[in-house]
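These are the residues of each chain, in order.
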Amino acid sequence: MKLKGVGIVEQHIEKAVLGVVVLVFVAVLAMQFVGGGNKVKIDKQSYPIQRGYEPIVKRAQEVAARMRDPNPSVLPEVAPLGLGAQWAEALQDGPGIPQRLAAIAPRFGPGAADGARLAVDPGATSGEYMYQAIVVPAPGTPHGVPFRSTLDPIGVAMNRDLENICRAQGLTGQPWDASAVTVQTTFNGAALAQSLANDPDGSGTRYAALPEAWWRGNVEVLEIQYEVCNGFDASGNPINPRLVAPLPRPGSEPLTRRIPAQNPTVEQVQAVVERAGDIRGTIQPEYFRVIAGAPWQTPIERARLAAIEAKRPEIERKVRQYEEAVRQAERDQAALVEAAGPRIGRQPPSGGGGGRSGGGGGERPPETAPPSGPNESQLRQLRDKLQRSIKDRDDLLAGLNLLGVNELGEPLPVGDESDIEALSDTLEMTEVYGWTHDLMVRPGDVRRYRARVVVNNPLFGYGRQLAEEQRSLATEPTLASAWSDWSDPVELEGSEYFFVTSASEGATETDPTAMPRVGVEVFKFYYGYWRQGIASLEPGDQLAADIKLPDPALLPIYDVTNIRNAAPPPGQPPRPGTPPGSPGGTNQGRPGDFEPGRGPGPVLPAGATPGPEKIGVSVATWLLDVGTVAGGGDAKLPGSRARLQAYMRDQTGAIVVRPTGEQANNDRYKAMVLSAKEGQDQGAADPKAEPEPKPEPPPRERDRDIPRPPPDGGGGGGGGGGG
């Protein structure tokens, strides 16, 4: 039957396809069995497939023979590998990392913050964006505080550089009463972060903010440099400005000095940056160990304590008021307890079962009338009075806390401004404290200080990622802020001071041969404290006095001969394995281990001799005469009291006029008198002196737990009623 609508091609197409497939199959079979068969090419020569392994085996045998040959005639030349040079060349002169990778990749490895945002278009090419120059904010105006204390003689003996500095201050030996100035400043790390994240034109078109991954976690404070001068000349220029020398302690040199001056690499700079995490070793160096005198404190802490001491009269008044309020609260609480007591001890009402008899049906105890006591109105008045006493006490304590002291008048503890885990936190802090210690001083110096901050440059070594006209921003490894303003003058105390406390003009009607005379109080700093002496002078006498010292056992002089001989030359660290204070593994009697006051009296530590019983002080000043202050009255007139003054000559030949009673309102005199009193015990505890106990406030919880009388009614007795 003929199909309608189907052409001849459609009717036989499957036969044609089958025929083509059969022809291809026959051709493949013919190629396998007719002609030369399959071949492979080895070293440009064709081999039948069944012999393809033969040239390979032959080549392997030749190579093995050369490897086993003990005397090879020809060795291949090995090309030297210079990966470091190739990497540095790629960084400096290569085509540059595409901006799309630089914007998201940490600049120095894992130190960058996680999840850093893209600050530029990921599709931008190298050099397409412009960045503003990084500006490091200047630190605050420094504040300098002079101080003096007695250094550990063992530490001085082990550090020749420190000993040389002490001798440059005029010290000749123990005690090493070294002077220093601690200079402190603050730095706004958050302002630096804001500067780095700032978009110059605010649009992100031509100018863009630095990618956050480039600097977040990769910028550290490497150094805070301090400059010192001796004042200003007539034109306002600093006199002899110079950098404050680093501490004479091995390993304390600034981190910036560890960056090579010539051709530093990114890796070298990064190694220094990683060490900046130790904030105490970087911008908050510790002072040297001291054995006598006031403990070292940061300038801000000293200022806080000085402000508290300036309010001492008010503080002492409030402490007395607080102590009286505590006693009043205790009295009111005792009165309330006593008043409520009779009700607490009231006999239980009748009924309720037998007591001792326990057998039921026993006789009841005779009923007694409840004892009389205050009514509820009287108890309420006592409770209200106690509440008022507690409030008065708490208000006085809050007032003391506002003055910075506790209930005993002692300064409250504050958070440590050096409590920073790592300097990487500085970019999130508005006040980062830093300080240094200036030991290149002499008593009587007057100095000013200024500071600047040095950080690492996050663009260093990546100039190819910047526009050509901005590649200079990536050439320096560090960036420094502008200098701060100069500090106020910092005056170091001298070694001796004197005050004219009394005077007489000499000849009188009753004693025409009497000579003019002045009484003088003299102070000299020795072994951590000011020592006080008295001198009496006539015209022509030089100011000199003997000062009695406390128990010589409290002022030990240590034998450090062996330690000094074992100390390394200046600038070199101590020998490994030699712990400070015990060179050679022997106990030399470390001063810090001496605790005077233990036992019946002061006991010298091992390896020490007692100090002197007295010291002499001599000031290059001579008394010339005594006269009356102009307009200060005439001692010869009845009812008149003249004020006298002493005329003296100093070592320069200048005439010095000192009025009597000059110490009355002199803060320095008051501070030195207080220091002299503290130095009498030299830190030793007096076993005879029992400090008067101060009243302790009752616990807050008990204060609020005011006793209340129990409700009427009684409790049950013991046994049960029986049958």
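Everything numeric in this text was worked out from a predicted model, so none of it was measured. (Residues numbered from 1 in each chain as written. Predicted model: local features only at pLDDT ≥ 70, side-chain atom pairs only at ≥ 80, totals over all residues. Heavy atoms only, no water.)

**Some points on the nonpolar core**
The nonpolar side chains of soluble globular proteins are, as a tendency, buried together. Counting 33 residues, the largest nonpolar core has Leu192, Leu210 and Val455 as the members making the most contacts within it. Looking at this core, the elements that each hand over two or more residues are β4 (176–187), α7 (189–197), α8 (212–215), β5 (221–229) and β9 (446–456). Judged by nonpolar contacts, the second largest core, of 30 residues, contains Val500, Ile563, Val617 and Ala646. (Core = buried A, V, L, I, M, F, W, Y, C linked by side-chain atoms within 4.5 Å. Buried < 20%, exposed > 50% of the residue type's maximum accessible area, 1.4 Å probe, protein only. Helix = DSSP H or I, 4+ residues; strand = E, 2+ residues; numbered from the N terminus.)

**Overview of the side chain of Arg531**
Looking at where Arg531 falls in the secondary structure, it is placed in strand β14 (residues 529–537). Buried and unpaired, Arg531 has no salt bridge, with Asp177 as the nearest side chain of opposite charge at 7.5 Å. For Arg531, the side chain forms a polar contact with the main-chain oxygen of Tyr526, separated by 2.9 Å. At 2.9 Å, the side chain of Arg531 forms a polar contact with the backbone oxygen of Gly679. Ignoring any residue separated from it by four or fewer positions in sequence, one finds Arg531 in contact with Val522, Phe523, Lys524, Tyr526, Ile547, Leu549, Pro550, Leu555, Ile615, Gly679, Gln680 and Gln682. (Lys, Arg positive; Asp, Glu negative; His and termini not counted. Salt bridge = Lys/Arg side-chain N within 4 Å of Asp/Glu carboxyl O. Polar contact = N/O pair within 3.5 Å; in protein donor to acceptor, adjacent residues only side chain to side chain. Contact = heavy atoms within 4.5 Å.)

**Focus on the sheet that holds strand β13 (residues 517–526)**
Ordered in space as β12-β13-β14, the three strands form an open sheet in which the pairing is antiparallel. Edge positions in the sheet fall to β12 (496–504) and β14, since each has one partner strand and no second. Strand after strand, the sheet turns through a mean of 20 degrees between neighbouring axes, direction not considered. Helix α15 (residues 667–681) rests against β12, β13 and β14 of the sheet, and its axis sits at about 110 degrees to β14. (Pairing = 2+ DSSP bridges. Axes fitted to C-alpha atoms, helices over the stretch in contact; angles between N-to-C directions.)

**Observations concerning the packing of aromatic side chains**
In total, this model carries 10 aromatic pairs according to the counting rule given. Pairing Phe147 with Tyr287 gives two aromatic rings, centres 4.9 Å apart and planes at 75 degrees, and the pair type is edge-to-face. Of this pair, Phe147 sits in strand β3 (residues 143–151) while Tyr287 sits in the loop between α10 (279–282) and β7 (290–292), and the two are 140 residues apart along the sequence. Neither residue differs from the other here; Phe147 and Tyr287 are each classed as buried. With a centroid separation of 5.4 Å and 85 degrees between ring planes, the pair formed by Phe525 and Trp530 is classed as edge-to-face. Grouping residues by exposure puts Phe525 and Trp530 together as buried. The lysine or arginine in question, Arg658, covers the ring of Phe498, its NZ or CZ lying 4.2 Å from the ring centre. (Phe/Tyr/Trp six-rings, centres within 6.5 Å; stacked < 30°, edge-to-face > 60°. Lys NZ or Arg CZ within 6 Å of the ring centre and 35° of its normal.)

**Quick look at unusual backbone geometry**
Here the bond from Gln174 into Pro175 is cis, since omega is -5 degrees, no more than 30 degrees from zero. By the element assignment, Pro175 lies in the loop between α6 (160–168) and β4. Phi at Asn240 takes a positive value of approximately 55 degrees, unusual for a residue other than glycine. When you line up the elements, Asn240 lands in the loop between β5 and β6 (242–243). On the basis of relative accessible area, Asn240 is assigned to the partly exposed category, the value being 45%. Phi at Asn263 takes a positive value of approximately 50 degrees, unusual for a residue other than glycine.

**Side note on a nonpolar patch on the surface**
Judged by side-chain polarity, Leu18, Val22, Phe25, Val26 and Leu29 come together as a nonpolar surface patch covering roughly 470 Å² of accessible area. Along the polypeptide, Leu29 turns up in helix α1 (residues 8–33). The partly exposed category is assigned to Leu29, whose relative accessible area is 37%. (Patch = residues over 30% accessible without salt bridge, like charges linked within 9 Å, V, L, I, M, F, W, Y side chains within 5 Å. Areas by Shrake-Rupley, 256 points an atom, 1.4 Å probe, with all protein chains shown as cover.)

**As for the pattern of salt bridges**
Applying the stated rule across the entire model yields 20 salt bridges. Note that Arg450 is salt-bridged to Glu227, the shortest N-O span being 2.7 Å. Separated by 223 residues along the polypeptide, Arg450 in strand β9 and Glu227 in strand β5 bring together distant segments of the chain. Linked through salt bridges whose partners overlap, the residues forming this network are Glu324, Arg327 and Arg331.

**Regarding the pairing of β4**
Of all 12 residues in β4, 11 are buried; the element is thus mostly enclosed. Two elements, β3 and β4, share nine bridges in a ladder whose sense is antiparallel. Across the sheet, residue Gly144 finds its bridge partner in β4, namely Val183. Sheet analysis places β4 next to strand β8 (residues 432–438), joined by seven bridges and oriented antiparallel. Within β8, the residue paired with Thr182 across the bridge is His437.

Everything listed is a geometric property; what it means functionally is a separate question.
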